[in-house]
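The residues making up each chain are set out below.
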Amino acid sequence: FLIYCRTVEPLEYYRRFLKENCRPDGRELGEFRATTVNIGSITTADGSALVKLGNTTVICGVKAELAAPAVDSANKGYIVPNVELPSLCSTRFRSGPPGEEAQAASQFIADVIENSQIIAKEDLCIANAKLAWVLYCDIICLDYDGNILDASVFALLAALKNVQLPSVTINEETGLSEVNLKQKNPLVIRKHPVATSFAIFDDTLLIVDPTAEEEDLATGTVTVVTDEEDRLCSVHKPGGSPLTGAKLQDCITRAITRHKEVKKLIDKVTKSIKPN
C-alpha cells in the first residue's frame, strides 16, 4: 500500500512521515545526509575535489590560466565558475546547452564567490595592468539527487583549497612572463563559505538537505550561506512559500552549526593530503 501511495499520492505519503518528524529515508527533519569529500582526484586540474552528499555527487576542477587584467580593474584577476548538470547525472536533464537550473546554479556560485570574498581578486594579480590569473572553476554533477547548491559550494571550496599555482614573474628586459613550475604556492583562501539548503513543506515545515523527490514536492526552497565568522554571505530564495523572520532566523542558526561540521571535515581532509 505504501509503495502505491508513494506513486499515486507522493505528497500525502510524505506528510505521513513528516507528522512523525521523520522522512522516508529514515532521517530526522534537521538531519543531513552522509557527507564525504575527496581532494585532488583530477590530476590534470590545478585543484580539484569530489563531494558526495547522500546520492548527490559533484566534482569541481579548477584550471588556472594567465591573462591581462580588465582595464577597469587592473589589479585584479578573475574567477569564472560554471555549473554543469549533464544528462548522465539524472533523467531530468537533457544534453545540449545549459538549462535553466544549471544557469541559476552558476549564477548562485558567482554570487557566493563575490559576496563571501572567498578569494580576494587582488591576490590573483601578478603584475598590475599586465598579468593576472584566471581561475576557471568547473563544477560538474555526476549523480543528481537534490541539493545541488550545498554540494557545489562545498566542492568549490575544497577544490580551491587544493589549488597550487606556479610562481610567475615578468622578465624586465623582454617583458615576457616566466613560469617556475618547481615553485608552487597555494591560494590564499580568505573566507570559507558553506551553503545550507532547506525545503519548505506546506508553507511552514522546514526540512534540511532535501533529496530530489523532496525538492519536487516542496512549496519552496531556501539556501543560506555563512562563513566561519558566522557572517551571512547570502540568502538564495527562488520564489515559492514566503518565510517568516523567525523561520529565516532558524535557518541561519542551523546553517551556522552546519558550517562548523563542513569546516571540520574539510580541514581533516586537507591536513591528510600533503602538497606535492
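Residues numbered from 1 in each chain as written. Predicted model: local features only at pLDDT ≥ 70, side-chain atom pairs only at ≥ 80, totals over all residues. Heavy atoms only, no water.

Asks: Hey, could you run me through the UniProt feature "domain: Exoribonuclease phosphorolytic" (unreviewed entry) in the protein in this one?
Replies: In this structure's numbering, the residues bearing the UniProt feature "domain: Exoribonuclease phosphorolytic" (unreviewed entry) are residues 31-166 and 193-256. The span residues 31-166 is 24% helix and 37% strand, and its two end C-alpha atoms sit 41 Å from each other. Structurally, residues 193-256 comprises 28% helix and 38% strand, and the distance from its first C-alpha atom to its last is 10 Å. (UniProt positions renumbered as here; feature names shortened; annotations may be inferred. Helix = DSSP H or I, 4+ residues; strand = E, 2+ residues; numbered from the N terminus.)

Asks: What exactly am I supposed to notice about empty space enclosed by the protein here?
Replies: Empty space among the atoms can be located by rolling a probe the size of a water molecule over them. Taken as a whole and judged by the stated rule, the model has one cavity of 30 Å³ or more. Estimates place the volume of the largest cavity at around 80 Å³. Lining the largest cavity, in full, are Leu53, Asp150, Ala151, Val153, Phe154, Leu157, Pro193, Val194, Ala195, Arg258 and Val262. Only α4 (148-162), β9 (194-201) and α6 (245-272) provide two or more residues apiece to the lining of the largest cavity. (1 Å grid on protein atoms, 1.4 Å probe; cavity = no way out; pocket = protein on both sides within 12 Å on 5 of 7 lines; lining within 4 Å. Points joined across faces, edges and corners; volume = space filled by probe spheres on them.)

Asks: Got a minute to help me understand the nonpolar core in this structure?
Replies: Considering soluble globular proteins, one finds that nonpolar side chains tend to be buried as a cluster. With 54 residues, the main nonpolar core has Ile119, Leu135, Leu160 and Leu187 as its most contacted residues. Top element by residues in this core is α4. It accounts for eleven residues. Apart from residues no more than four positions distant in its own chain, leucine 160 is found in contact with Val62, Ile118, Ile119, Leu135, Cys137, Leu187 and Ile189. The next biggest cluster of nonpolar side chains, apart from the first, holds eleven residues, and it includes Val208, Val222, Val224 and Ile256. (Core = buried A, V, L, I, M, F, W, Y, C linked by side-chain atoms within 4.5 Å. Buried < 20%, exposed > 50% of the residue type's maximum accessible area, 1.4 Å probe, protein only. Contact = heavy atoms within 4.5 Å.)

Asks: Quick question: what am I supposed to make of the sheet that holds strand β11 (residues 220-226) here?
Replies: An order of β10-β9-β11-β12 is seen for the four strands of this open sheet, with the pairing classed as antiparallel. Unpaired on one side and paired on the other, β10 (205-208) and β12 (232-236) mark the two borders of the sheet. Strand-to-strand twist across the sheet, computed as the mean angle between neighbouring axes with direction ignored, equals 25°. Of the strand pairs in this sheet, β11 and β12 are connected by four bridges, and their pairing is antiparallel. What sits directly across from valine 224, in β12, is valine 235. Contacting β9, β11 and β12, helix α3 (residues 100-116) crosses the sheet at an angle of about 155° to β12. (Pairing = 2+ DSSP bridges. Axes fitted to C-alpha atoms, helices over the stretch in contact; angles between N-to-C directions.)

Asks: Is there a simple way to explain the pairing of strand β3 (residues 56-67) in this structure?
Replies: On a regular strand, each side chain points to the face opposite its neighbour's, so the side chains alternate between the two faces of the sheet. Inspection of the sheet shows strand β2 (residues 47-53) paired to β3 by seven bridges, in the antiparallel sense. The residue bridging alanine 49 from the neighbouring strand is cysteine 60, located in β3. Between β2 and β3, which follow one another and run antiparallel, lie two residues, and glycine 54 among them has a positive phi close to 60°. Pairing of β3 with strand β6 (residues 131-143), which is carried by eleven bridges, proceeds in the antiparallel orientation. Looking across to β6, one finds that valine 62 is bridged to cysteine 137.

Asks: For this particular structure, what's the right way to read the packing of α4 against α6?
Replies: Think of two packed helices as two axes; the pair is described by the angle between the axes and how far apart they sit. Interhelical geometry of α4 versus α6 gives an angle of 30° and a closest axis separation of 11 Å. Comparing their axes, α6 and α4 come out roughly parallel. Handedness of the crossing formed by α4 with α6: right-handed. Residues Phe154, Leu157, Ala158 and Lys161 of α4 lie in contact with α6, whose contacting residues are Val262, Leu265, Ile266 and Thr270. Taken together, the residues of the contact of α4 with α6 sort by class into six nonpolar, one polar and one charged. (Parallel < 35°, antiparallel > 145°, perpendicular 65-115°, else oblique. Left-handed = near helix turned anticlockwise from the far one by under 90°. Nonpolar A, V, L, I, M, F, W, Y, C, P; charged D, E, K, R; others polar.)

Asks: What's the story with a nonpolar patch on the surface in this structure? I'm lost.
Replies: A grouping of Leu66, Val179 and Leu181 is seen on the molecular surface, where their side chains present a nonpolar patch of about 260 Å² in accessible area. Counting through the fold element by element, leucine 181 comes out in strand β8 (residues 177-186). (Patch = residues over 30% accessible without salt bridge, like charges linked within 9 Å, V, L, I, M, F, W, Y side chains within 5 Å. Areas by Shrake-Rupley, 256 points an atom, 1.4 Å probe, with all protein chains shown as cover. Salt bridge = Lys/Arg side-chain N within 4 Å of Asp/Glu carboxyl O.)

Asks: Whenever I open this one, the layout of surface pockets confuses me. Can you help?
Replies: Considering only enclosed or pocket space, the second largest pocket measures out at about 370 Å³ in volume. Glu101, Leu149, Glu215, Thr221 and Pro238 are, among the 22 residues lining the second largest pocket, the residues nearest its centre. For the lining of the second largest pocket, the secondary structure elements donating two or more residues are α3, α4, β9, α5 (212-217) and β11. Grouping the constituent residues of the lining of the second largest pocket by class yields eleven nonpolar, seven polar and four charged.

Asks: Sorry if this is basic, but what is going on with α4 here?
Replies: Quick reminder: α-helices carry 3.6 residues per turn. Residues three or four places apart thus point the same way. Here α4 spans 21 Å end to end across 15 residues, near enough to the 21 Å set by a 1.5 Å rise per residue. In terms of residue burial, α4 counts as a mostly covered element, since 14 of its 15 residues are buried. (Expected span 1.5 Å × (residues − 1).)

Asks: It is not clear to me how the pattern of salt bridges should be interpreted in this structure. Could you clarify?
Replies: All chains considered together, the criterion is met by 17 salt bridges. A salt bridge links glutamate 214 to arginine 27; the shortest N-O distance between them is 3.7 Å. Here glutamate 214 is found in helix α5, whereas its partner arginine 27 is found in the loop between α2 (10-19) and β1 (35-39), with 187 residues between them in sequence. The buried category is assigned to glutamate 214, whose relative accessible area is 0%. Judged by relative accessible area, arginine 27 falls into the buried class, the value being 6%. Residues aspartate 216 and arginine 92 are paired through a salt bridge, measuring 3.1 Å at the closest nitrogen-oxygen approach.

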